[in-house]
Amino acid sequence: MRTPIRTIFLLGGLLAGLPASAQVIARYTVQAGDIDRHNSIVHIRLDQPADTEDLLLEEVTGKKRVPVPVTAANGALWWILEGHTPAGAQRSYELKKAPKKLSAPPVMVVTDNNTALTLQQGTQKILQYNYAMVEPPAGSDTVYRRNAFIHPLWAPNGAVLTNAFPSGGHRHHMGIWNPWTHTSFEGRVTDFWNVQKKEGKVRFVKMEAVTSGNAFCGFSARQEHVAFLKDGTEKTAIHETWTVQAYPATDNGKRRLWDITSRFTPATAEGITLLQYRYGGGFGLRTTPSFTAGTSQVLTSEGKTRKDADSTRARWVKITGTTPQGQAGLLIMNAPANYDSPEPLRVWPENMEGGELMLNYSPTKMKSWTLTNENEYTLTYRVMVYDGDLTPAAAEAAWKDFAFPPVVRKE
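Conventions adopted
- Residues numbered from 1 in each chain as written.
- Predicted model: local features only at pLDDT ≥ 70, side-chain atom pairs only at ≥ 80, totals over all residues.
- Heavy atoms only, no water.
- Phe/Tyr/Trp six-rings, centres within 6.5 Å; stacked < 30°, edge-to-face > 60°.
- Helix = DSSP H or I, 4+ residues; strand = E, 2+ residues; numbered from the N terminus.
- Buried < 20%, exposed > 50% of the residue type's maximum accessible area, 1.4 Å probe, protein only.
- Pairing = 2+ DSSP bridges.
- Contact = heavy atoms within 4.5 Å.
- pLDDT = per-residue confidence, 0-100.

Participant: Lay out the packing of aromatic side chains with the relevant residues and their values.
Facilitator: In this structure the tally under the stated criterion is 20 aromatic pairs. Consider the rings of Trp 79 and Tyr 93, whose centres lie 5.2 Å apart with planes at 55 degrees: the pair is tilted. Taken as a pair, Trp 79 in strand 7 (residues 76–85) and Tyr 93 in strand 8 (residues 90–97) lie far apart in primary sequence, 14 residues in all. Tyr 93 matches Trp 79 in its accessibility class, with the two residues each being buried. What links up through ring pairs into an aromatic cluster is the set Tyr 129, Tyr 131, Phe 204, Phe 219 and Trp 242.

Participant: Could you give an account of the pairing of strand 19 (residues 255–266), naming the residues involved and the relevant values?
Facilitator: Most of strand 19 is tucked away: 9 of the 12 residues are buried. As defined by bridge partners, strand 18 (residues 234–246) adjoins strand 19 across 9 bridges and the pair is classed as antiparallel. Across the sheet, residue Trp 242 finds its bridge partner in strand 19, namely Ser 262. Direction of pairing for strand 19 relative to strand 28 (residues 377–387): antiparallel, over a ladder of 10 bridges. Across the sheet, Arg 263 pairs through a bridge with Thr 378, a residue of strand 28.

Participant: Let's hear about the environment of Gly 271: which residues, and what values?
Facilitator: In this fold, Gly 271 is placed in the loop between strand 19 and strand 20 (272–274). Classification of Gly 271 by relative accessible area gives buried; the value is 3%. With 181 residues separating them along the chain, Gly 271 and Gln 90 place their C-alpha atoms 45 Å apart. Sequence-distant contacts of Gly 271, that is, excluding residues within four places in its chain, are made with Phe 185, Pro 266 and Leu 371.

Participant: Could you give an account of the confidence of the model for the chain, naming the residues involved and the relevant values?
Facilitator: As a general rule, the predicted coordinates of low-pLDDT regions are not to be interpreted in detail. Residues with a pLDDT of 70 or more make up 92% of the chain, whose mean pLDDT is 93. In this model residues 1–19 is a low-confidence stretch, pLDDT under 50, and it forms 70 contacts with partners more than four residues away in sequence or in other chains.

Here it is, written out as structure tokens:
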């Protein structure tokens, strides 16, 4: 890896039977609001984020106290509101100073092989972020060399749901990635998506943090959109940070959530305009070649399918298909705060490359977006990977929980 990384984790909730007299640091109440909750993800800012390795969180129900797995990162405390929490309900928690350091290893871990980070729950792989340059298949133009993308993404059953360097005419498709396609940068139209045009590319810069814990594992990586100028030089157009967090599997191991947030800002005083175009930026996905028009199904929150989802808006989009390990899929949800949300979709027609699938949540599909100097912009997406299938009602419930999370209050 190019730069050292900082690993942080909080091992709360692992030791049952700790003295009840352990010092209580804070008390929290989690309110479900008007939404039924199922394994909701919650977090709250810590007043004193330092020295978190000896903290313990417990859920309090009457005289009963149950240890709760937690992760501390970036000055916040994260945990899972385990099980079902009805609308209108609230749950209480106490944060304590444990009497001794908790030394058990975290459940959610990040491994590093010096070319990529792999997010795992124990030995089960979740996703891989490639920060070293990955070479295209033998015989391909070296222009397709890429880093700063996610592949593979695994379903809970072990099936790989993404594809990189696919055969056919789209070698530049890279699992999960998000280059802007049609931009105006310093008076020149620049394409960072179609690298074969040699106008620009997205690159990894450095790893800012890596987090292992019991409520999530993840990383923050600095990336950049680099423009290739006519005189043969390069210039950075956009600074970007990806923050990715993966959470423990639920529903008997058949479902898992993970979040990806892109924070970006122009790199020059003139800024950059992300021009209206039919695809680009946002959340780009090239699915496994096992998912074809005949073996997979697309469904959006508006009831659209692969036949008619292109150029429509959707709070969520669900892709389910057949894999060698059995039926599996992914649900992609866009945040209400995203630009031009609910974002429009680019969905390949069924006759593309043997029926294979490329899908893109593109916030600039309908209108342009001008980024001005010294301002930061954010796009956030939540992904559920699952075995089997997911009903539309379950997909809508997952999106509501993401879009309108429980409120956590310090007492």
